[in-house]
Amino acid sequence: MKLRIILALFIAIICIAPSAKSQSFITPSGGAIPDNNTMVCFPFTVSGLPAQIDSWFGLTSVCLDISHTYTADLKIFLRSPDNTIITLVSNTGGSGDNFTSTCLQEDGTSGWIVSGAAPFTGSYIPDQSLNIFNNGMNPNGTWEICILDEVPSDAGFLNFAAINFGNNTTHDAGLSQGV
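What counts as what
Residues numbered from 1 in each chain as written. Predicted model: local features only at pLDDT ≥ 70, side-chain atom pairs only at ≥ 80, totals over all residues. Heavy atoms only, no water. Helix = DSSP H or I, 4+ residues; strand = E, 2+ residues; numbered from the N terminus. Buried < 20%, exposed > 50% of the residue type's maximum accessible area, 1.4 Å probe, protein only. Contact = heavy atoms within 4.5 Å. Areas by Shrake-Rupley, 256 points an atom, 1.4 Å probe, with all protein chains shown as cover. Salt bridge = Lys/Arg side-chain N within 4 Å of Asp/Glu carboxyl O. Pairing = 2+ DSSP bridges. Axes fitted to C-alpha atoms, helices over the stretch in contact; angles between N-to-C directions. Disulfide = S-S within 2.5 Å. Polar contact = N/O pair within 3.5 Å; in protein donor to acceptor, adjacent residues only side chain to side chain.

Please explain the overall build of the protein as it appears in this structure.
Helix and strand counts for the protein stand at one helix and 10 strands. In the protein, the succession of α and β elements from N to C terminus is α-β-β-β-β-β-β-β-β-β-β. Across the 179 residues of the protein, 44% fall into the buried class. Residue pairs in contact within the protein that sit at least 24 positions apart in sequence constitute 72% of those at least 6 positions apart. A total of about 9,000 Å² of accessible surface is found on the protein, and carbon and sulfur atoms cover 57% of it.

Below, the structure written as structure tokens:
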């Protein structure tokens, strides 16, 4: 009898658990980042995900590769199909160069992006929580990575950006220091 109950619970958990698998979506192309207080957005289409993302299955990371000669000039945002916008990075890194294979996630092993120094490589905790998006919204549609270069004289280029969805067991890292 106990075995039947355990088996029934196991089957129920499997049936209730999200059937979605981890998926990544990449910007179809990069491009120049205009200088001196001009924002540019790079769109990409997300499709084939469950109609809702939440604390069980949701946005897990945003990965970037940006060539820029002064990272502290940049503010980087993520906009969802429902027009929710969060700040991923805000004027961080001083006079250093580049975000090279940089991922932003709640369990970033290199700590808060705001406390890091350029060149940025590895995984960091973003300025605002990615879990803001994991609120029951429909993730299918157009997402955008938007970059604002606030200061003249240093130009840049988005080489690559991706957003990743999967089992979301990572809780917020807490409030950032200094944002």
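Which parts of the structure should I look at to understand the pattern of salt bridges?
Pairing of side chains with opposite charge becomes possible as their charged atoms draw close. Under the definition given, this model contains two salt bridges. Measuring nitrogen to oxygen at the nearest pair gives 3.7 Å for the salt bridge that ties Glu-150 to Lys-75. Highlighted residues: Glu-150 in the loop between β9 (141-149) and β10 (156-167) and Lys-75 in strand β5 (residues 74-79), separated in sequence by 75 residues. For Glu-150, a relative accessible area of 26% puts it in the partly exposed group.

So what exactly am I meant to see when it comes to the sheet that holds β9 here?
In any sheet, the strands associate via hydrogen bonds between backbone groups, in a parallel or an antiparallel arrangement. With antiparallel pairing, the four strands of this open sheet are ordered in space as β3-β9-β5-β6. Edge positions in the open sheet fall to β3 (38-46) and β6 (85-90), since each of these has one partner strand only. Adjacent strand axes in the sheet meet at a mean angle of 20°, parallel and antiparallel pairs treated alike. Where β5 and β9 come together, six bridges link them in antiparallel fashion. For Arg-79, the partnering residue across the bridge sits in β9 and is Glu-144.

Explanation requested: the environment of Val-40 in the structure shown.
Inspection of the secondary structure assignment puts Val-40 in strand β3. Expressed as a C-alpha distance, the spacing of Val-40 and Ile-147, which sit 107 residues apart in the sequence, is 5.5 Å. Apart from residues no more than four positions distant in its own chain, Val-40 is found in contact with Ala-32, Ile-33, Pro-34, Ile-145, Cys-146 and Ile-147.

Sorry, what's going on with the state of the cysteines here?
The term disulfide refers to a covalent linkage connecting the sulfur atoms of a pair of cysteines. Per the stated rule, a full pass over the model turns up two disulfides. Covalently, Cys-63 is tied to Cys-103 through a disulfide, its sulfur atoms 2.1 Å apart. Between Cys-63 and Cys-103, the S-S dihedral sits near 105°, and the bridge is therefore right-handed. Placement of Cys-63 in strand β4 (residues 57-68) and of Cys-103 in strand β7 (residues 99-104) is noted, with a sequence separation of 40 residues between them. In this structure Cys-63 comes out as buried when scored by relative accessible area, which is 13%. Each disulfide of the protein joins two cysteines, and with those cysteines numbered along the sequence the arrangement is 1-4, 2-3.

Where do I start with the side chain of Gln-105 in this structure?
As for its position among the elements, Gln-105 is in the loop between β7 and β8 (120-124). Residue Gln-105 is classed as buried on the basis of its relative accessible area, which comes to 18%. At 3.0 Å, the side chain of Gln-105 forms a polar contact with the side chain of Asp-107. Once you skip the residues sitting within four places of it in the chain, Gln-105 turns out to touch Thr-60, Ser-61, Ser-123, Tyr-124, Ile-125, Pro-126 and Leu-130.

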